[in-house]
Amino acid sequence: MDSTDHAKRAEAEQRTIVINQGVLSKNDLLARSNRTLFKSKNLLTMNIVSSPGSGKTAFIERTLTDLKGRLRGGVVVGDLATDNDAKRIARSGAPAIQITTGDTCHLDAEMVAEATAKLDLDALDVLIIENVGNLVCPSGYDLGEDLRVVMLSTTEGEDKPLKYPTMFKTADVVILNKMDIAEVLGFDRDTAWSNIHRLTPQALIFEVSARTGLGMETWYQFLEQRLALANQP
Amino acid sequence: MHEISVMQSAIEIAIESAKAQNATQIHRINMRIGALAGVVPDSLEFAFPIVCQGTMAEGATLEIEYVPALCRCSSCASEFEPKDFFYECPNCKALTVDLLHGKELDLAFLEVS
Ligand SMILES: Nc1nc2c(ncn2[C@@H]2O[C@H](COP(=O)(O)OP(=O)(O)O)[C@@H](O)[C@H]2O)c(=O)[nH]1
Ligand SMILES: [Mg+2]
Ligand SMILES: [Zn+2]
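Presented here is a report on the structure given in the accompanying data block. Residue numbers restart at each chain and count upward from 1, following the sequence in its written direction. Following the order in which they are written, the chains are lettered starting with A and the ligands numbered starting with 1. Totals for whole chains, interfaces and linings use all residues, but because this is a predicted model, local features are given only for residues with pLDDT of at least 70 and pairs of side-chain atoms are given and counted only at 80 or more. Side-chain numbers here rest on the full set of heavy atoms in the structure, without hydrogens or water.

Some details on the overall build of chain A
Per the secondary structure count, chain A includes 10 helices and 8 strands. In terms of principal-axis extent, the alpha carbons of chain A reach across some 85 × 40 × 40 Å. Taken across its 233 residues, chain A has 51% of its residues classed as buried. Split by element, the accessible area of chain A, about 10700 Å² in all, is 50% carbon and sulfur. Only four residue types enter the tally: Lys and Arg on the positive side, Asp and Glu on the negative side, with His and both chain ends excluded. A single reference atom marks each charge: NZ on Lys, CZ on Arg, CG on Asp, CD on Glu. Put simply, chain A has 26 plus and 32 minus side-chain charges, and the middle of one group is 1 Å from the middle of the other. Helix and strand definitions follow DSSP, with helices as H or I runs of at least four residues and strands as E runs of at least two, each counted in order from the N terminus. For every residue, the accessible area (1.4 Å probe, protein chains only) is compared with the maximum for its type, and the residue is labelled buried under 20%, exposed over 50%, or partly exposed between those bounds. Accessible surface area values rest on a Shrake-Rupley calculation with a 1.4 Å probe, where residue burial reflects the displayed protein chains alone.

Written out as structure tokens, the structure is:
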């Protein structure tokens, strides 16, 4: 038997290759390098996720408009098709980079790396990433953020967290938005808090209205506290 | 449907590993999926033949091992399988966030030739 025969036989033989690797490990690696970069710039970075229409863009617009002069924010915003959100945010005066995701239902660490390369990170204190409106797909994709902010609006109902437990479990912060219309909607605040707390006991909950500004000052104070922590040597 | 992109990543890793070992055909792919991985196993199975098309994994079979959630209580350290998405310790009733298993979204092994 010559060596080519031998090689052929080996080729035909089925064998096992052990991998034991996370399917999203490439994303995890890129997210880690994003995180290292953001940390080196003393940035506080957050990844905001919610269903479409909960008020992510309105919340970011309001935050950056109100905090003008208090802290410098920049935004990366993911949208399936349009750049409307980036235009809305740009009116606050903050730099906003649009990522058009096409048929991808979540942002990944690579998209964020490319988008943030277009921002002057040295000129920022806070980096806000508005994820694609979706409470399922973004949950497994680390972007390199310090804070995972999950938003729920009163129009979506107090049992929504129970329908999307995987996402809510990853939350560092939960924003309850559209509190200005909670009463007319008959929003059951206690049940909402209890559902969120039992799913994600570590998360901080903020009740706000991005429209009227209700509750926003508490959120700003939290941001400033976290920023002070991030800037400690 | 992010199961397509998850499956795409899995196949990319599988093909890279198979090529690195001089294999020309992937026959079987085994994955471990945790209850809290955020993917629907049925959707992964649906996506599998689509992403395998035209690759060395075309015609391969997909096996999924399902990994249930396992918690460790942050108060009393007992380990338990949560009965729902509230991770309440059956021993001391504390709510916990510490998950030992259930987040797996892994490519475990391949069968190649
Ligand atoms: N009543 C009320 N409406 C809001 C509030 N925040 C956002 N909206 C409205 O909700 C809709 C969706 O907001 P948008 O910021 O585009 O949501 P996104 O898809 O999560 O970015 C818009 O019509 C907003 O004006 C709020 O606090 N109260
Ligand atoms: Mg938006
Ligand atoms: Zn316990």
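Description of the sheet that holds strand β5 (residues 99–101) of chain B
Residue and element names in this part refer to chain B. Between any two strands, pairing holds if DSSP finds at least two bridges. Taken in spatial order, the 3 strands make up an open sheet running β4-β3-β5, and their pairing is antiparallel. Every other strand in the sheet has two partners, leaving β4 (79–80) and β5 as the edge strands with one partner each. Relative to β5, strand β3 (residues 70–72) runs antiparallel, the two sharing 2 bridges. Residue pairing in the sheet places Leu70 in a bridge with His101 of β5.

Examining the interface of chain A and chain B
Taken together, the 33 residues of chain A in the interface contact 35 residues of chain B. Roughly 2900 Å² is buried in total at the junction of chain A and chain B, and carbon and sulfur atoms are behind 61% of that figure. Buried area, as used here, totals the accessible surface that two parts lose on assembly, with accessibility defined by a 1.4 Å probe and the loss added over both. Its largest share of buried area at the contact with chain B, chain A owes to Arg15(A), Ile17(A) and Val23(A), together 25% of the area lost on that side. For salt bridges, the criterion is a side-chain nitrogen of Lys or Arg within 4 Å of an Asp or Glu carboxyl oxygen. Taken together, the connections running from chain A to chain B amount to 1 salt bridge. It only takes one pair of heavy atoms within 4.5 Å for two residues to be counted as in contact.

Considering the sheet that holds strand β6 (residues 105–112) of chain B
Taken together, the 4 strands give an open sheet; going across it, the order is β1(A)-β6(B)-β1(B)-β2(B), and neighbouring strands pair in mixed fashion. At either margin of the open sheet sits one strand with a lone partner, and together these are β1 (15–22) of chain A together with β2 (61–67) of chain B. This sheet shows a mean twist of 15° between the axes of neighbouring strands, independent of strand direction. Looking at chain direction, strand β1 (residues 26–34) of chain B and β2(B) are connected through 7 bridges and run parallel. What sits directly across from Arg32(B), in β2(B), is Glu65(B). Packing against the sheet, helix α2 (residues 41–52) of chain B makes contact with β1 and β2 of chain B, and its axis sits at approximately 165° to β2(B). Helix axes use the C-alpha atoms of the stretch in contact, all axes being lines fitted to C-alpha atoms, and the angles between their N-to-C directions lie in the range 0 to 180 degrees.

Topic: the coordination of the magnesium ion (ligand 2)
Residue and element names in this part refer to chain A. Water is absent from the atoms considered, so a metal site may look incomplete; donors are defined as N, O and S atoms within 2.8 Å of the metal, or 3.2 Å for Na, K and Ca. In the first shell of the magnesium ion (ligand 2), the protein supplies Thr57 (OG1), Asp85 (OD) and Glu130 (OE), at 2.1 to 2.2 Å from the metal. All donors of the magnesium ion (ligand 2) belong to a single chain; written as a sequence motif, their spacing is T-x27-D-x44-E. Pair noted here: Asp85 is in helix α4 (residues 84–90) and Glu130 is in strand β5 (residues 126–130), with a separation of 45 residues, a long-range link. Summarising the burial analysis for this pair, Asp85 and Glu130 share the class buried.

Side note on the side chain of Thr96(B)
Position of Thr96(B) among the secondary structure elements: in the loop between β4 and β5. Taking relative accessible area as the criterion, Thr96(B) reaches 2% and is therefore assigned buried. Pairing of N or O atoms within 3.5 Å defines a polar contact, subject to two protein rules: one partner must be a possible hydrogen donor and the other a possible acceptor, and residues neighboring in sequence count only if both atoms are side-chain atoms. In terms of polar contacts, Thr96(B) uses its side chain to reach the backbone amide nitrogen of Asp98(B), at 3.4 Å. Setting aside chain neighbours within four positions, we find Thr96(B) in contact with Pro201(A), Cys71(B), Arg72(B), Cys73(B), Ser74(B), Phe80(B) and Tyr87(B).

A look at the environment of Thr100(A)
All names here are of chain A. Along the polypeptide, Thr100 turns up in strand β4 (residues 96–100). Along the sequence, Thr100 and Ile205 sit 105 residues apart, while their C-alpha atoms lie 30 Å from each other. Here Thr100 is in contact with Asp79, Leu80 and Ala81, once residues within four sequence places are set aside.

A look at the packing of aromatic side chains
To pair, rings of Phe, Tyr and Trp, with the six-membered ring standing in for Trp, must have centres within 6.5 Å; the planes then decide the type, stacked if under 30 degrees apart, edge-to-face if over 60, and tilted in the middle. Counting across every chain of the model gives 4 aromatic pairs over all chains. Residues Phe59(A) and Trp219(A) carry aromatic rings whose centres are separated by 5.2 Å and whose planes lie at 40° to one another, so their mutual orientation is tilted. On the criterion of sequence distance, the pair formed by Phe59(A) in helix α3 (residues 56–66) and Trp219(A) in helix α10 (residues 216–230) is long-range, its members being 160 residues apart. This pair shows no difference in class: Phe59(A) is buried, exactly as Trp219(A) is. Through a chain of ring-to-ring contacts, the aromatic side chains of Phe59(A), Phe206(A), Trp219(A) and Phe222(A) assemble into a single cluster. Two conditions define a charge sitting above a ring: the NZ of Lys or the CZ of Arg must be within 6 Å of the ring centre, and it must be within 35 degrees of the ring normal. The aromatic ring of Tyr87(B) is capped on one face by Lys169(A), whose charged end is 3.5 Å from the ring centroid.

A closer look at the pattern of salt bridges
For side chains of opposite charge, pairing can occur when their charged atoms come near one another. Residues and elements named next belong to chain A. Using the criterion set out here, one finds 21 salt bridges over all chains in the structure. Among the ionic pairs, Arg35 bridges to Asp142, the shortest N-O distance being 2.8 Å. Of this pair, Arg35 sits in helix α2 (residues 25–40) while Asp142 sits in the loop between β5 and β6 (147–153), and the two are 107 residues apart along the sequence. A relative accessible area of 24% places Arg35 in the partly exposed class. For Lys160, the salt bridge identified is with Glu156, shortest N-O distance 2.9 Å. Per residue, the accessibility class of Lys160 equals that of Glu156, and both read buried. Beyond isolated ion pairs, a larger network of salt bridges with shared partners links Glu61, Asp85, Arg88 and Arg91.

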